[in-house]
Amino acid sequence: MASSMDILILPRFADDRAATFSDSLRDDLIRNGNRVRICKKDIADPGILLFNPENIPDLLVVVGGDGTILLATQRMPVQIPILGINYGEVGFLADIEPENASSFILGLSKPLPIETRMRIEFRLNGKIIGNALNEALIVTERPAKMLKFSIFINGNIAERFRSDGLIISTPTGSTAYAMSAGGPIVDPRVEGFLMVPLAPFMLSNRPHLIDSSRIVCVSLEGVKPVKLVIDGQTEIHLDESCKIELSKSPTPAQFIDAGQNFFEKINHKLRHL
């Protein structure tokens, strides 16, 4: 039998089907010698932690969709291995279907097979304001108002443009909002910053994929109220003219490697949208 683990299950909040499945999964895992807890609280509040830093689980099992997984990474005091059970509509981040969940988890053994996923760390005036696993979106607080951006790479101006907004995506997030806005699908093993302008004024303004070792700064130049939305979960209101610094986060997200081929999975998911 696989070694015993301390497992935390996070069902999608206020979803009766996910809650019922989580209870059944917990009972099955406990019968097989694991220590299992279920987080039944709403973790949408930024002040809530998913678990106590002094009681860190070996594994987080998320029963839900990509939104619940993204929220979980925002609420962890430290990043721990995640296994997503797909109870969402598409589930690019959730590798296991519910009917296979129990047998897959019981087949795991330490050390757990981990696939790390780069996150982007955002700083404003030298202060960390958040980390994104998927993307950050810069938009005006008033709809249908264009913004002016300047992109600096290693201190040199690389691009100036006007658009409705800017998506700053990780390779993991390339299959999310960035793809809908015309960005490319990027292999998650590539580490870089994907920048996709939303409805740019000039058609020559195209997406950029920038190596994560570069020093990247996004300068906002305008007089309109602006907000930064991280992973669709956290909103930060910005000054009209400010500079946002990007860097590769020192704390990547950790996912259980379920042995799936990335390109086969994406092809299958996209065909079922």
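Here, the structure is the one placed above.
Conventions adopted
Within each chain, residues carry numbers counting from 1 in the order of the written sequence. In view of the model being predicted, local features appear only for residues whose pLDDT reaches at least 70, and side-chain atom pairs are presented and counted only at 80 or more, with totals across whole chains, interfaces and linings using the full set of residues. Processing note: side-chain calculations cover all non-hydrogen atoms of the structure and skip hydrogens and water entirely. In this analysis, rings of Phe, Tyr and Trp, with Trp reduced to its six-membered ring, are considered paired at centre separations within 6.5 Å, and the interplanar angle assigns stacked below 30 degrees, edge-to-face beyond 60, and tilted for intermediate values. Segments assigned H or I by DSSP are reported as helices when at least four residues long, segments assigned E as strands when at least two residues long, and all are numbered from the N terminus. The classification of residues rests on relative accessible area computed with a 1.4 Å probe and restricted to protein chains. Under 20% of the type maximum is buried, over 50% is exposed, and intermediate values are partly exposed. Working rule: Lys NZ or Arg CZ, within 6 Å of ring centre, within 35 degrees of ring normal, means a charge sits over the ring. Strand pairing requires that DSSP identify at least two bridges connecting the strands. Lines fitted to the C-alpha atoms define the axes, with helices restricted to the stretch that makes contact. Angles between their N-to-C directions range from 0 to 180 degrees.

Draft legend 1. Structural detail: the packing of aromatic side chains. Per the counting criterion, the structure on display carries three aromatic pairs. Geometrically, the ring pair formed by F21 and Y87 is tilted, given 5.4 Å between the ring centres and 40 degrees between the ring planes. With F21 in helix α1 (residues 16-31) and Y87 in the loop between β4 (81-86) and α3 (98-106), the pair connects residues that are 66 residues apart, well separated along the chain. Side by side, F21 and Y87 carry an identical accessibility label, which is buried. Positioned over the ring face of F201 is R162, at 4.9 Å from the centre of the ring. Looking at K243, its charged tip hangs above the ring of F152, at a distance of 5.6 Å from the centre.

Draft legend 2. Broad picture of the sheet that holds strand β14 (residues 216-220). With antiparallel pairing, the six strands of this open sheet are ordered in space as β7-β6-β17-β14-β9-β10. For this open sheet the edge positions go to β7 (127-132) and β10 (156-163), each flanked by a neighbour on one side alone. Geometrically, the sheet is characterised by an average inter-axis angle of 25 degrees between neighbouring strands, direction not taken into account. Sheet topology note: the β14/strand β17 (residues 243-248) ladder contains four bridges and is antiparallel. Its bridge partner lying in β17, S219 is registered against K243.

Draft legend 3. View of the pairing of β14. Counting buried positions along β14 gives five out of five residues, so the element sits mostly inside the fold. Residues of β14 alternate between two faces, with V216, V218 and L220 on one and C217 and S219 on the opposite face, all of them buried.

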